[in-house]
Structure formats: structure tokens, C-alpha cells
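Here's the letter readout for the chains.
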Amino acid sequence: MKKPLIPILIAAALIATACGESKADKAKSQVCDARADVSKQVDELKGLTLATASVDGVKANLTAIRNDLAKIRDAQGDLNSERKQQVQGANQQFGAQVRAITQNIGSSASATDAAAQIKQAGTQLADSYAQTLGKVDCG
């Protein structure tokens, strides 16, 4: 009597696997992919030097970060409540830091001052990332 039960259980497991990822799993994947790209963009900004910094390059990094934050914001509605709360808070805090830094970039008269601002912005974003999105569990 137990033998017929085994094929039924195997078939049920295969059917469940074939249904694919849940909305929450897809949202987590989207959040984690965007988070990884934010980390990459922040690392690039943090690694800038006076010789490698350009306003256009920094703007491209910041645009990519803003796009990633939008992806995270779009996905967070499908996360489970605990993860949603964590992601939402981190995204809001980091987004506020990005907006503040974006407003300050390029406000200097000299290229040297602008490059120093960019370098400082990279460091500030790295610190902010570590305190916000960096704490979001993607394991």
C-alpha cells in the first residue's frame, strides 16, 4: 500500500517544481539583482580619483543607482511583510542620500573642487549603502 504513494508524491513534487517561482521569490530576486548593481555603482564612485572622475561618468552612475532604486521600489510590494518593511526602509534612506548627493554634485566652480566633491560623494554613498541596502539579506 505504501508503494503507490511514492509515485504520487514524486509526481506532486514535480508538478510543484514546474509551477516556477512565487511572486515573492521573483521580487526577492529582482531586489537582490538591483541591490548588487547599486553596490557595483557605489564601488565605482568610491574608487574615483581626481584623474578618473568626470561629471558625466558620475551622473551615469547616479542614474543607474536611481533606476535600481526604482526596480527595488517596484518589487517590494510582492515581498513578504518582514522583508518588505526592511527593503522599503533601506530603499527610502539610501534614496534620500542619493538625492542629496546628486544636488551637490557639480556645484563647485573649479574642476579640482568638483572632483573632490565626487570623491566625497562616493565615500558617503558607500557608507550609506552599508547602513541601508547592504543590510538587506539576499542569501
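Just so it is clear, the structure is predicted and the values come from calculations on it, not from any experiment. (Residues numbered from 1 in each chain as written. Predicted model: local features only at pLDDT ≥ 70, side-chain atom pairs only at ≥ 80, totals over all residues. Heavy atoms only, no water.)

Draft legend 1. A look at the side chain of Thr132. Structurally, the position occupied by Thr132 is in the segment after helix 5 (111–131). Separated by 2.7 Å, the side chain of Thr132 and the backbone oxygen of Ser128 make a polar contact. Dropping the residues within four chain positions of it, Thr132 is found in contact with Ala90, Gln93 and Phe94. (Helix = DSSP H or I, 4+ residues; strand = E, 2+ residues; numbered from the N terminus. Polar contact = N/O pair within 3.5 Å; in protein donor to acceptor, adjacent residues only side chain to side chain. Contact = heavy atoms within 4.5 Å.)

Draft legend 2. Focus on empty space enclosed by the protein. In the structure shown here, the tally under the stated rule is 1 cavity of 30 Å³ or more. Empty space within the largest cavity amounts to approximately 30 Å³. Together, Leu45, Val58, Leu62, Ile101, Ile105, Ile118, Ala121, Gly122 and Leu125 line the largest cavity. Elements represented by at least two residues in the lining of the largest cavity include exactly helix 3 (55–75) and helix 5. Residue contributions to the lining of the largest cavity peak at 4 residues, all from helix 5. Considering only residue class, the lining of the largest cavity consists of 8 nonpolar, 1 polar and no charged. (1 Å grid on protein atoms, 1.4 Å probe; cavity = no way out; pocket = protein on both sides within 12 Å on 5 of 7 lines; lining within 4 Å. Points joined across faces, edges and corners; volume = space filled by probe spheres on them. Nonpolar A, V, L, I, M, F, W, Y, C, P; charged D, E, K, R; others polar.)

Draft legend 3. Highlighting the pattern of salt bridges. The full count for this structure, using the stated rule, is 1 salt bridge. Between Glu44 and Lys40 there is a salt bridge, and its shortest N-O distance comes to 3.9 Å. Here Glu44 and its partner Lys40 are both found in helix 2 (residues 23–46), 4 residues apart, which amounts to about one turn of the helix. Relative accessible area serves as the criterion here: at 38%, Glu44 is assigned to the partly exposed category. (Salt bridge = Lys/Arg side-chain N within 4 Å of Asp/Glu carboxyl O. Buried < 20%, exposed > 50% of the residue type's maximum accessible area, 1.4 Å probe, protein only.)

Draft legend 4. Local environment of the packing of aromatic side chains. Following the criterion strictly, the structure yields 1 aromatic pair and no others. With a centroid separation of 6.1 Å and 80 degrees between ring planes, the pair formed by Phe94 and Tyr129 is classed as edge-to-face. One end of the pair, Phe94, is in helix 4 (residues 81–104); the other, Tyr129, is in helix 5, with 35 residues separating them in the sequence. The buried category is assigned to Phe94, whose relative accessible area is 0%. Tyr129 gets classed as buried once you look at its relative accessible area, which sits at 11%. (Phe/Tyr/Trp six-rings, centres within 6.5 Å; stacked < 30°, edge-to-face > 60°.)

Draft legend 5. Here's a closer look at the packing of helix 3 against helix 4. Where helix 3 contacts helix 4, the two axes come as close as 10 Å, and the packing angle between them is 155 degrees. In terms of their interaxial angle, helix 3 and helix 4 are classed as roughly antiparallel. The two elements helix 3 and helix 4 meet at a crossing, and its hand is left-handed. Residues Leu62, Ile65, Arg66, Leu69, Ile72 and Arg73 of helix 3 lie in contact with helix 4, whose contacting residues are Val87, Asn91, Phe94, Gly95, Val98 and Thr102. (Axes fitted to C-alpha atoms, helices over the stretch in contact; angles between N-to-C directions. Parallel < 35°, antiparallel > 145°, perpendicular 65-115°, else oblique. Left-handed = near helix turned anticlockwise from the far one by under 90°.)

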